[in-house]
Amino acid sequence: LLDSAITLAPKDPDLFAHRALALNRSGAPELARADLEKAFGLSGNHANTFANQAGIMLSVGNPAEAETAINQAIRNNNKVAAFYAERGALHAAQSNFVLARIDYDSALLLDPNDQELWFNRGLVNEKINQPALALEDYRYAITLDETYRQAWFMSGSVLLKQGKFSESIEDFTMALNLAPDYAACYHNRGIAYFKSGHRQAACKDWNSAVEFKFDLSVQMLEKHCRN
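Residues numbered from 1 in each chain as written. Predicted model: local features only at pLDDT ≥ 70, side-chain atom pairs only at ≥ 80, totals over all residues. Heavy atoms only, no water.

(A) Structural view of the overall build of the chain. Looking only at helices and strands, the chain has 14 helices and zero strands in total. Expressed as a percentage of the 227 residues in the chain, the buried residues total 43%. Sequence-distant contacts, at least 24 apart, represent 41% of the contacts inside the chain between residues at least 6 apart. Accessible surface computed for the chain: about 12000 Å², of which carbon and sulfur atoms make up 52%. (Helix = DSSP H or I, 4+ residues; strand = E, 2+ residues; numbered from the N terminus. Buried < 20%, exposed > 50% of the residue type's maximum accessible area, 1.4 Å probe, protein only. Contact = heavy atoms within 4.5 Å. Areas by Shrake-Rupley, 256 points an atom, 1.4 Å probe, with all protein chains shown as cover.)

(B) A look at the side chain of R189. Following the sequence through the fold, R189 ends up in helix 12 (residues 183-195). Accessibility expressed as a relative area gives 12% for R189, which makes it buried. In terms of polar contacts, R189 uses its side chain to reach the side chain of T173, at 3.0 Å. Aside from chain neighbours lying at most four places away, what touches R189 is I169, F172, T173, L176 and D205. (Polar contact = N/O pair within 3.5 Å; in protein donor to acceptor, adjacent residues only side chain to side chain.)

(C) Quick peek at helix 2 (residues 13-25). If you check helix 2, its first and last C-alpha atoms are 19 Å apart, about what 13 residues at 1.5 Å a residue would give, namely 18 Å. Of all the residues in helix 2, the buried ones are P13, L15, F16, A17, R19, A20, L23 and N24. (Expected span 1.5 Å × (residues − 1).)

(D) Up close: unusual backbone geometry. The backbone phi angle of S95 is positive, close to 65°, even though this residue is not glycine. Position of S95 among the secondary structure elements: in the loop between helix 6 (81-93) and helix 7 (97-110). On the accessibility criterion, S95 (49% relative accessible area) is partly exposed. Unusually for a residue other than glycine, K213 sits at a positive phi of about 70°. Mapping K213 onto the fold places it in the loop between helix 13 (199-211) and helix 14 (216-224).

(E) Summary view of the state of the cysteines. Applying the stated criterion to the full structure yields one disulfide. For C203, the disulfide goes to C225, at an S-S distance of 1.9 Å. Measuring handedness by torsion sign, the sulfur bridge of C203 and C225 sits at about -90° and is left-handed. You can see C203 sitting in helix 13 and its partner C225 sitting in the segment after helix 14, a full 22 residues away along the chain. On the basis of relative accessible area, C225 is assigned to the buried category, the value being 16%. (Disulfide = S-S within 2.5 Å.)

(F) Layout of the packing of aromatic side chains. Across all of its chains, the model carries seven aromatic pairs by this definition. The interplanar angle of 50° and the centroid separation of 5.6 Å between the aromatic rings of F119 and Y138 together place this pair among those described as tilted. Within this pair, whereas F119 is found in helix 8 (residues 115-127), its partner Y138 is found in helix 9 (residues 131-144), the two being separated by 19 residues in sequence. Considered together, F119 and Y138 belong to a single accessibility category, that of buried residues. With 6.1 Å between their ring centres and 10° between their planes, Y186 and F212 make a pair best called stacked. (Phe/Tyr/Trp six-rings, centres within 6.5 Å; stacked < 30°, edge-to-face > 60°.)

Such coordinate-based values are descriptive only and should not be taken to indicate function.
Below, the structure is given as structure tokens:
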């Protein structure tokens, strides 16, 4: 489709930038780079081109150039939430979680109805030892999308760490209702059951996790459920 669009509009840098992204995701980074060169030739300050270049640089293992490109994208257009989210993800991948948090804050100011942004900021808040803020982020992601099983799981995991076992069991159960093959969720719910004194329910969950090839549950079964 993009090939056809470029035939009709061969001077539109957006089309080359988007085709570059598609090529990169389909495993053709060299062709993607060629399209980026064309996009830059048509518009040297094109924000989307820089953002797509950042994604390509990161995928080929060049985070420094990726950061340079996404910084340029934001300088060219500082009103796009996805640019801040991309830089936030880049910072998180490099364990720069404080900077990642700042970027996700900026992204959410621009797009407060994106559940993925809330979820990802929750992950970052956990990394900077702010579990209460992380829980708020996961909960808000759920208000935006009640079928967001990863958010239910992460919310349950925070509650588990806080010793709120019955609440964590409720959240894990919601996640499992949405994804009955969620092995890590069975494992964690098993821990919550065990810590709240329900050994039989815990062993049942760990058995389920093992059925879905979750190796950590094997250890729990051996330790707590074989006698």
